[in-house]
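Report on the structure
These are the residues of each chain, in order.
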Amino acid sequence: MRTVTMKKIYQHPITQKYVRRSGMAHAISVAYHAFHLAGAYNVNSDWAAKAGFLHDIGHYQWYKDGEWDYQLYRAYDIHPIKGAERAHKLLVRLGEDKQAAKEIAHAVLFHTESALPEGEFELKALQKVIHLADEKDKQPGDSHHYRNIDRKKELALIEALDRKIDRLPEKLNT
Ligand SMILES: [Fe+2]
Ligand SMILES: [Fe+2]
């Protein structure tokens, strides 16, 4: 039985501050993609939805003269590292299972190339799911970070995802 719902995570001020910074609509959409991919990759759907939702929680803004500077961002960004730590702290604070918090934090850390070493390595299934889920929602010019939906709709989508997770057989939720 899970103790931390998507709704609890969504409503936390840390989530509202940092996830909103990189786009709440993108986060929710990646959470849904991850949830749907979880079955095919035989990973825990609750963990996948949470990792998908929190994958960009480490973002911060790269501004130069008041405008977002993509060159600075590409050269110096470490959002997967900050995100892994933030997601882990938030989940543990909310009372998340320690193993779940660790696996979710690792999936956040490895969701994009910038935190990965060069050469051959193999991602765990949950990490692969989050990477693929993020790729599915990417839009040209990084506009996925700026897509908006109203807050009522956000909450309705989060609650619907909680119900989907709760309806799944126990074995995918342990
Ligand atoms: Fe990212
Ligand atoms: Fe993303």
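So, a few notes on the structure that sits alongside this text. Being a predicted model, the structure only gives us computed values, none of them experimental. (Residues numbered from 1 in each chain as written. Chains lettered and ligands numbered in written order. Predicted model: local features only at pLDDT ≥ 70, side-chain atom pairs only at ≥ 80, totals over all residues.)

What about the overall build of the protein?
As a reminder of what qualifies: Secondary structure is summarised from DSSP: a helix means a run of H or I of at least four residues, a strand means a run of E of at least two, and numbering begins at the N terminus for each. With the radius of gyration taken over C-alpha atoms, the globule rule is written as 2.2 Å times the number of residues to the power 0.38. Counting other C-beta atoms within 10 Å of a residue's C-beta gives its exposure: the residue is buried at 20 or more, exposed at 12 or fewer, and partly exposed in between, where C-beta atoms are placed from the backbone. Residue pairs qualify as contacts under a 7 Å threshold applied to their C-beta atoms, which are placed from the backbone.
Helix and strand counts for the protein come out as nine helices and two strands. Sequence-ordered secondary structure for the protein, helices as α and strands as β, is α-α-α-α-β-β-α-α-α-α-α. Radius of gyration (C-alpha) of the protein: 15 Å, near the 16 Å computed for a compact globule of 174 residues. By principal-axis analysis of the C-alpha atoms, the protein measures approximately 50 × 45 × 30 Å. Split into buried and exposed, the 174 residues of the protein put 40% on the buried side. The long-range share in the protein, meaning contacts at least 24 apart out of those at least 6 apart in sequence, stands at 69%.

Things to note about helix H6 (residues 79-94)
Cut-off, in case you're wondering: Multiplying one less than the number of residues by 1.5 Å gives the expected span of a helix.
In this model H6 runs 22 Å from its N-terminal to its C-terminal C-alpha over 16 residues, within 8% of the 22 Å that 1.5 Å per residue would give. Every buried residue belonging to H6 is among His-79, Pro-80, Gly-83, Ala-84, Arg-86, Ala-87, His-88, Leu-90 and Leu-91, and all of these are buried. On its buried face, H6 is in contact with helix H2 (13-22), helix H4 (45-54) and helix H7 (98-109). Where H6 ends, the next residue or the one after it, Gly-95, has phi of about 95 degrees, a positive value.

Notes on the nonpolar core
The condition that has to hold: By convention in this section, buried Ala, Val, Leu, Ile, Met, Phe, Trp, Tyr and Cys residues joined through C-beta atoms within 7 Å make up a nonpolar core.
Of all hydrophobic cores here, the largest spans 42 residues; its most connected members are Ala-34, Ala-48, Ala-51 and Ile-104. Elements with a contribution of two residues or more to this core: helix H1 (6-11), H2, helix H3 (24-40), H4, H6, H7, helix H8 (125-137) and helix H9 (151-167). If sequence neighbours within four positions are ignored, Ala-48 has contacts with Ala-34, Phe-35, Leu-37, Ala-38, Val-43, Leu-126 and Val-129.

Quick look at the packing of H3 against H9
Each pair of packed helices can be summarised by the angle the axes make with each other and by the distance between the axes. Stated precisely, the cut-off is as follows: Axis definition: a line fitted to C-alpha atoms, over the contacting stretch in the case of helices. Angles run 0 to 180 degrees between N-to-C directions. Angle categories: roughly parallel below 35 degrees, roughly antiparallel above 145, roughly perpendicular from 65 to 115, and oblique for all the rest. Each crossing gets its hand from how the near helix is turned against the far one by less than a right angle, where anticlockwise is left-handed and clockwise is right-handed. Residue type decides the class: Asp, Glu, Lys and Arg count as charged, Ala, Val, Leu, Ile, Met, Phe, Trp, Tyr, Cys and Pro as nonpolar, and the leftover types, Gly among them, as polar.
Direction vectors running N to C along H3 and H9 enclose 15 degrees, while the axes themselves pass 11 Å from each other. Taken together, the axes of H3 and H9 lie roughly parallel to each other. The interaxial crossing formed by H3 with H9 has left-handed handedness. Of H9, the residues touching H3 (which contributes Met-24, Ile-28, Ala-31, Tyr-32 and Phe-35) are Glu-154, Leu-157, Ile-158, Leu-161 and Lys-164. Split by residue class, the contact of H3 with H9 holds eight nonpolar, no polar and two charged.

Looking at H3
Spacing of three or four residues puts side chains on the same side of an α-helix, whose turn is 3.6 residues. Under the 1.5 Å per step criterion, the end-to-end length of H3 is 25 Å for 17 residues, consistent within 8% with the ideal 24 Å. With 12 of 17 residues buried, H3 is to be regarded as a mostly interior element. If you check which residues of H3 are buried, you get Met-24, His-26, Ala-27, Ile-28, Ser-29, Val-30, Ala-31, His-33, Ala-34, Phe-35, Leu-37 and Ala-38. Of the surrounding secondary structure, the elements contacted by the buried residues of H3 are H2, H4, H8 and H9. With its phi angle positive at about 55 degrees, Asn-42 sits one or two positions after the end of H3.

So, the environment of Leu-72
Looking at where Leu-72 falls in the secondary structure, it is placed in helix H5 (residues 70-76). Separated by 19 residues in the primary sequence, Leu-72 and Leu-91 have C-alpha atoms spaced 30 Å apart. With residues up to four places along the chain from it excluded, the contact list for Leu-72 reads Trp-62 and Lys-64.

The values reported here are purely geometric and, on their own, carry no functional implication.
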